[in-house]
Amino acid sequence: ARKLREEYHSYIGKKLDVRDELHKIELIRQKKDVTYASILNEWLENEEGSIMTSTFKQKKAILLNFSLDKLGKKPLKEIKHPELVNIIQPLYKNKPTQARKLLTYFHSIWQFSLNKGYCENNICGNIDKRNLFRKEHITTHFAKITDTQPLRELIHALYALNATPARRNALKLMLFIPLRTENMVTLKWAYINFEEKLLTI
């Protein structure tokens with residue numbers, strides 16, 4: 001009590017309004033203690049009246065489903081951008097559209113918080129979207145014959161195929177000249193130089 005009395009007297013000595021100073025201290029305390037859940041609620045209230053109802057419901061659902069459990073109780077100032085990445089990255093594998101929207105919403109929430117004085121910078125600016133949303137390259141190998149016996153069986157099957165002469169001969173030709181299917185079916189006599197034994201497509 002004595003310490004508070006001395007503090008209040010110091011305000012008076014500096015010609016400061018005690019009530020104003022206490023109000024400033026309370027605001028600082030509130031901003032220091034603000035959690036992700038509280039700022040999310042404040043941001044949603046601000047969004048609700050400015051966008052279409054369907055859009056607002058979509059935003060709210062994505063944020064509540066994918067971020068509230070992980071970040072809700074954490075003070076906003078303690079959240080770092082890798083935590084946001086760890087939420088968005090797994091989501092991107094199965095739901096890329098929602099992951100991109102979530103990053104956009106995070107950016108808006110932190111910008112809102114920055115304007116309110118709840119944080120000192122927008123941590124979403126440190127997220128590299130190009131790497132975050134990079135698609136994994138999946139190598140697909142087509143089936144192939146590498147042993148002599150299966151190849152021999154395939155050749156015999158092609159020569160015994162019950163098909164039109166044109167189709168059967170096209171398949172035989174592909175054993176020696178492995179063309180793409182489109183190139184094979186659109187071949188013209190004009191492409192063939194019999195003297196030089198050359199096929200030019």
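Refer to the structure presented above.
Okay, so let's go over this structure. (Residues numbered from 1 in each chain as written. Predicted model: local features only at pLDDT ≥ 70, side-chain atom pairs only at ≥ 80, totals over all residues. Heavy atoms only, no water.)

1. Thoughts on the nonpolar core
Core analysis: the biggest nonpolar cluster contains 33 residues, and Tyr 36, Leu 63, Leu 76, Leu 84, Phe 106 and Trp 110 have the highest contact counts within it. Listing elements by their share of this core, those giving two or more residues are helix H3 (36–48), helix H4 (53–66), helix H6 (81–94) and helix H7 (96–116). In terms of residue count, H7 provides more of this core than any other element does, eight residues in total. If we skip the residues at most four places from it in the chain, Leu 84 touches Leu 71, Ile 79, Phe 106, Trp 110, Ile 123, Cys 124 and Ile 127. (Core = buried A, V, L, I, M, F, W, Y, C linked by side-chain atoms within 4.5 Å. Buried < 20%, exposed > 50% of the residue type's maximum accessible area, 1.4 Å probe, protein only. Helix = DSSP H or I, 4+ residues; strand = E, 2+ residues; numbered from the N terminus. Contact = heavy atoms within 4.5 Å.)

2. Here's the deal with the pattern of salt bridges
Going through the model one piece at a time under the given rule, you end up with three salt bridges. Put simply, Glu 42 and Lys 116 hold a salt bridge, and the shortest N to O gap is 3.6 Å. Highlighted residues: Glu 42 in helix H3 and Lys 116 in helix H7, separated in sequence by 74 residues. Here Lys 116 falls in the partly exposed class, since its relative accessible area comes to 38%. Among the salt bridges present, the one from Glu 83 reaches Lys 74, with a minimum N-O distance of 2.7 Å. On the basis of relative accessible area, Glu 83 is assigned to the partly exposed category, the value being 23%. Assessed through its relative accessible area of 26%, Lys 74 is described here as partly exposed. (Salt bridge = Lys/Arg side-chain N within 4 Å of Asp/Glu carboxyl O.)

3. Quick notes on the environment of Asn 126
Among the structural elements, Asn 126 can be located in the loop between H7 and helix H8 (129–132). Asn 126 sits in the partly exposed class, given a relative accessible area of 48%. Considered as a pair, Asn 126 and Lys 80 are 46 residues apart in the sequence and their alpha carbons are 9.5 Å apart. In contact with Asn 126, other than residues within four places in its own chain, are His 81 and Asn 121.

4. Some thoughts on the packing of aromatic side chains
Overall, the coordinates contain six aromatic pairs when judged by the stated rule. Taking the centre distance of 5.0 Å and the plane angle of 45° together, the rings of Tyr 92 and Phe 133 count as tilted. Of the two residues, Tyr 92 sits in helix H6 while Phe 133 sits in the loop between H8 and helix H9 (148–159), which places them 41 residues apart along the sequence. A ring pair is formed by Phe 106 and Trp 110, whose centres lie 6.1 Å apart and whose planes are at 80°; its orientation type is edge-to-face. Residue Phe 106 and its partner Trp 110 are located together in helix H7, separated by four residues, close to a single helical turn. (Phe/Tyr/Trp six-rings, centres within 6.5 Å; stacked < 30°, edge-to-face > 60°.)

5. Some points on the packing of H3 against H7
Between H3 and H7, the least distance of the axes is 10 Å, while the angle of their chain directions is 95°. When the axes of H3 and H7 are compared, the pair comes out roughly perpendicular. Of the residues in H7, those touching H3 at Tyr 36, Ile 39, Leu 40, Glu 42, Trp 43 and Asn 46 are Tyr 105, Phe 106, Ser 108, Ile 109, Trp 110, Phe 112, Ser 113 and Lys 116. A class-by-class count of the residues in the contact of H3 with H7 yields nine nonpolar, three polar and two charged. (Axes fitted to C-alpha atoms, helices over the stretch in contact; angles between N-to-C directions. Parallel < 35°, antiparallel > 145°, perpendicular 65-115°, else oblique. Nonpolar A, V, L, I, M, F, W, Y, C, P; charged D, E, K, R; others polar.)

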